[in-house]
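For reference, the chains in residue letters:
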Amino acid sequence: MSGSPVVGAVQERLRDVGYRDLSTPFKVAGVEFAFTGAMRGCAGRALDLVLLIDTTTGDFGDRDGGRVRQKVEALSRALDVTGSRYVVTVILAGAVLAEGIDALSDTCRVLHVENVKLNDDGKLADENAKLQLDDRIRVLLPLTLPEPLAQTEGGAGPAMDQFVRALPADKNDALVDAVIDASSAGAQAVTDVVALIINDVFPPELRREQS
Amino acid sequence: MTELILKSLNINNFRSIRGQMHAPLDAKVVLVHGENGAGKTSLLSAVELALTGKVQSLEHADRNYGKQLLHRSASQGDVLVRTMAGTLEQRFEVTLTAAGAKSVTALDKQRATFFRERVFLPQSLLSQLLQIYQDSGNDVTSPLALFVAELLGLDRLDAIEAGLKPLADVRNVRKIVDGWLGAENEKSRLDLLLTDQRKRRDELIGQIRSEINEIEKLCTLLNLPVEVREETLDEVAAVLSDDTDSKDFDLLTDHRRRLSSIRREIDAAQIAINSEAAITPESADEARKAYGRWETEYGDIVSALRRRAEALLPDVSLPSDPEKFSDAALARLRMEKNQLSERTSQVRADIARRASAKDELDVALRRRKTIDDEASRLASNAGSLGSALSELTSFITDETCPVCDRNFTEVSKVPLNEHVHSKVQKLSASAERLLVIGRTRSEVQVAIERLNREIEMINARSPEEETLAQLDRRLASVEDLINELMVIAEALREGGRLRAADIAARRAVSDIQARHVSLASASDTLNDFALSIGAPALGEGDSFEIASARLDALLAVQAAHLEERLSMRRKGGDHIATLRSNVARRNEADQRISADFASAQRVEQALERAQTLRNQGNMIRGTVDKVRSAIIRKEFNDRLNRVWRDLFVRLAPGEPFVPAFRIPESSTQKLQPKLITENRKDGNAGGTPGAMLSAGNLNTAALTLFIALHLSVPEELPWLILDDPVQSMDDIHIAQFAALLRTLSKEHKRQVVIAVHDRQLFEYLRLELSPAFPDDSLLTLELSRGPHRDSVCVSKRFSFKQETALFSVA
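Residues numbered from 1 in each chain as written. Chains lettered and ligands numbered in written order. Predicted model: local features only at pLDDT ≥ 70, side-chain atom pairs only at ≥ 80, totals over all residues.

Some thoughts on the environment of B:Pro225
Within the element layout of this structure, B:Pro225 appears in the loop between α8 (178-222) and α9 (233-240). Taking C-alpha positions, B:Pro225 is 9.4 Å from B:Val236, a pair spaced 11 residues apart along the chain. (Helix = DSSP H or I, 4+ residues; strand = E, 2+ residues; numbered from the N terminus.)

Set out below in structure tokens:
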């Protein structure tokens, strides 16, 4: 199917994160619905029904806001009738009137993808374009959290771990170990232990009594 | 680990909820719906109270909120939350009275804090959240600092950073490291000492060099074949102290002494010869003849006089020399004459005195007799009788005598009283007279005795007239002899002189003869001496003076030469002594320098090691700083900002500005991130969220910040409890929000409890959050209450249902 490259890019992105294409047209409650594209999530998003509208070059009345709305509302009603729990998300690819989006929003979630840079092959031009696209359809994308900071042995924490790794090779191990040991007892303990270690290099007669 | 989930909630008379209420919570999503005032917030607050023992949103509003917790119509109540972890059930309970809430069991402090900070978002907090984080400052208890601490656990790095801070400034290092200052002081002390000592040593080396030069010079002058070096000092000293010169000099001194003694002898001899040249044997003859003539002329007279003198002075021996004889005889005779004159005048005086003393004695004897006569007439007791009578006068009152009791008028006309008085006066006058007489008599008696003794003494000296005559005769003959001697005294003196001249002339002649002999021998001696000292012998024409002066000059030249050599040797010796002492001092200085240098090096090395350690410490601190800075930056940028952005964009896909925390480049110790907005398209910074975002999007920003914070920190409790967060959200956002909740629930396994008041939204969320897979679950709780009935909670559970509505058109 040779569709609009923007629709294609959206579909590809959604496929990446586990959405499956639905063949279209499809039937709900005996009514047939035809869209430029339809996709369905899996697992936690199994109830996501994503409809793709190509407002620039699409068929099936995609270019007519009114018809799109009618079609979506009809689908919505059909789903209601069957007691379906599908959640419909409409992705409008291309320019569209603001009131059209507002009107659609009453019945479903509306995402609007526009001005995404594509290269000659119809692929996303660069990272920024990818980010722009993602931002547009983000709600459909999984939320990826950064790796939690791993806890290390001895409860020193990831920060301490990083710190130890960041020390240069020619470090004074004894000093580092003493400092790390003392760090759990607070800043004063660190100062004390360092003072003690440094003081130890002086001959005893030079160490005066601390007044 | 099995997920911990909220299982159920039992409420009894809490806040706006009257009576008993049970709400199941054991579903992935719990949707709470109720009209405003139905008790949604109370229900969620009840969960918070049971789990943490507090209600933070009320606490913000009223510190004494505890009294408002019980429903106002009830006297007691309680809240019980059950949780499940696998099959393990836990109870968290609070009992309520009018006085307040009493927690029976609650979460531990850490989890309670997590619940308050990261799980439960009360409605009131939503609007304040951004402000709270914006204003958080750098206080360690500020929400952001707590978040960072919670997120990163940087406290140990902080401790290291703060603990190592004193190492940055050496002044602080001195304070904390006892030995540092000591070492620095010691080092500067040693450095100064070393500089001083080196300077001194250099001076010593210079002195040693100049001493060596001096000694070399002296050795050259002395023509001593020796090499002068520090090591050959002993040798040089030995050569210098060689005693040949001194022996030579001793010899020379001997020579000179001998020469001078020879010269003295010669001089003496010559002077004697010259001065006595006048005396010749001829003049000696004349003296003898003159004396002979005088002998013949006066010899007899002198002998006669001598005999007479010897007769008069039998016990004196007189000299034979005529002059001396006359002197001695005259002296003796004059003495004799004086004695005789004295004796004659004494005898004459005695005779005269004896006569007058006898007269005086006679007078004295007569006076004594007169006194004795008067004394015998005076009563010797006159004094005592007088005083007795004078005492008696006090007893005389009339004319009657107190002794004899007779009337005195019978005897005399004079009154008795007067009579006695006159008697007393008479008696006392006699007594006085007696005293005077007695004194006078004893004086007279003394004079008598004295005169008697004098007469006796004079008698004892027997001054007879005959004796006086003899003495007079002898005196006359002495005087005669004296006169005769005086007459020929001149002749006698002449004789004496002649005799002396004769003797002297004879002695002089023999002396001259002796001198000539000695002068001849001196000449020989001088000649011998000249030969002995290697000088040419005396020439024939040489006088003694010239020869001896020549020898003397020769010896003087030699002596000067030797003296100079000796003085140079002495100087050499002195130089060697100085040199030795300088060498010793230099060696000592060397030792001290090397010892001090060693200590200085020790101290320096210690300081270097300490500095190395300090550098290490600073390096560690720098690393900490870098790491922590990197961590914070990374965590904020990669985690919090990223998640926040993701969430915010989900809810507000059309908003060009997204909120973010910006961490200033400097200062990682004080965490002061700023809230900013960034343009999504170009990443340029905008203003603060408050300035850049609409009210709806501001709410969205706060809500997503809360969720981002929740997602960024390690998960303590897998719950998200949101109290009507969408009140001012646009519809479009609500749809997105629903999708977000679903994402959190389905993908991130958070148990979501959310209260909404909007019916439509409730329905929408119910649809959107419907179970999407087996084991997924949704609970709805619908709250209602009437003015006169207990609150009611109707729960409804939705479970997964295979979706069958969609059929592809084949």
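A closer look at the sheet that holds strand β1 (residues 4-14) of chain B
All names here are of chain B. Spatially, 5 strands are ordered β2-β1-β4-β5-β6 in an open sheet, and the strand pairing comes out antiparallel. Each edge of the open sheet carries a strand with a single partner, namely β2 (17-24) and β6 (100-105). Taking the axes of each pair of neighbouring strands and ignoring which way they run, one obtains an average angle of 15° across the sheet. As judged from the 6 bridges shared by β1 and β2, these two strands associate in the antiparallel manner. Note on β2: the bridge partner recorded for isoleucine 11 is methionine 21. Contacting β1, β2, β4 (76-85), β5 (88-97) and β6, helix α1 (residues 40-52) runs over the sheet at an angle of about 75° to β4. (Pairing = 2+ DSSP bridges. Axes fitted to C-alpha atoms, helices over the stretch in contact; angles between N-to-C directions. Contact = placed C-beta atoms within 7 Å.)

As for the environment of A:Pro203
Inspection of the secondary structure puts A:Pro203 in the segment after α7 (187-200). If near-sequence neighbours (up to four positions away) are discounted, A:Pro203 is found in contact with B:Arg602 and B:Ala606.

As for the packing of helix α16 (residues 489-532) of chain B against helix α17 (residues 544-651) of chain B
Residues and elements named next belong to chain B. Orientation of α16 relative to α17, taken along the N-to-C sense of each, is 25°, at an axis distance of 11 Å. In terms of orientation, α16 lies roughly parallel with respect to α17. When the axes of α16 and α17 are compared, the crossing they make is left-handed. Where α16 approaches α17, its residues Ser523, Leu526 and Ala530 are matched on the opposing element by Phe544, Ala547, Ser548 and Leu551. Split by residue class, the contact of α16 with α17 holds 5 nonpolar, 2 polar and no charged. (Parallel < 35°, antiparallel > 145°, perpendicular 65-115°, else oblique. Left-handed = near helix turned anticlockwise from the far one by under 90°. Nonpolar A, V, L, I, M, F, W, Y, C, P; charged D, E, K, R; others polar.)

With respect to α16(B)
All names here are of chain B. In a regular helix each residue adds 1.5 Å, so 44 residues correspond to 64 Å; α16 covers 62 Å between its end C-alpha atoms and thus fits that length. Within α16, the full set of buried residues consists of Leu492, Gly495, Gly496, Leu498, Arg499, Ala522, Leu526, Phe529 and Ala530. One or two positions beyond α16, positive phi appears at glycine 534, with a value near 80°. (Expected span 1.5 Å × (residues − 1). Buried ≥ 20, exposed ≤ 12 C-beta atoms within 10 Å, placed from the backbone.)

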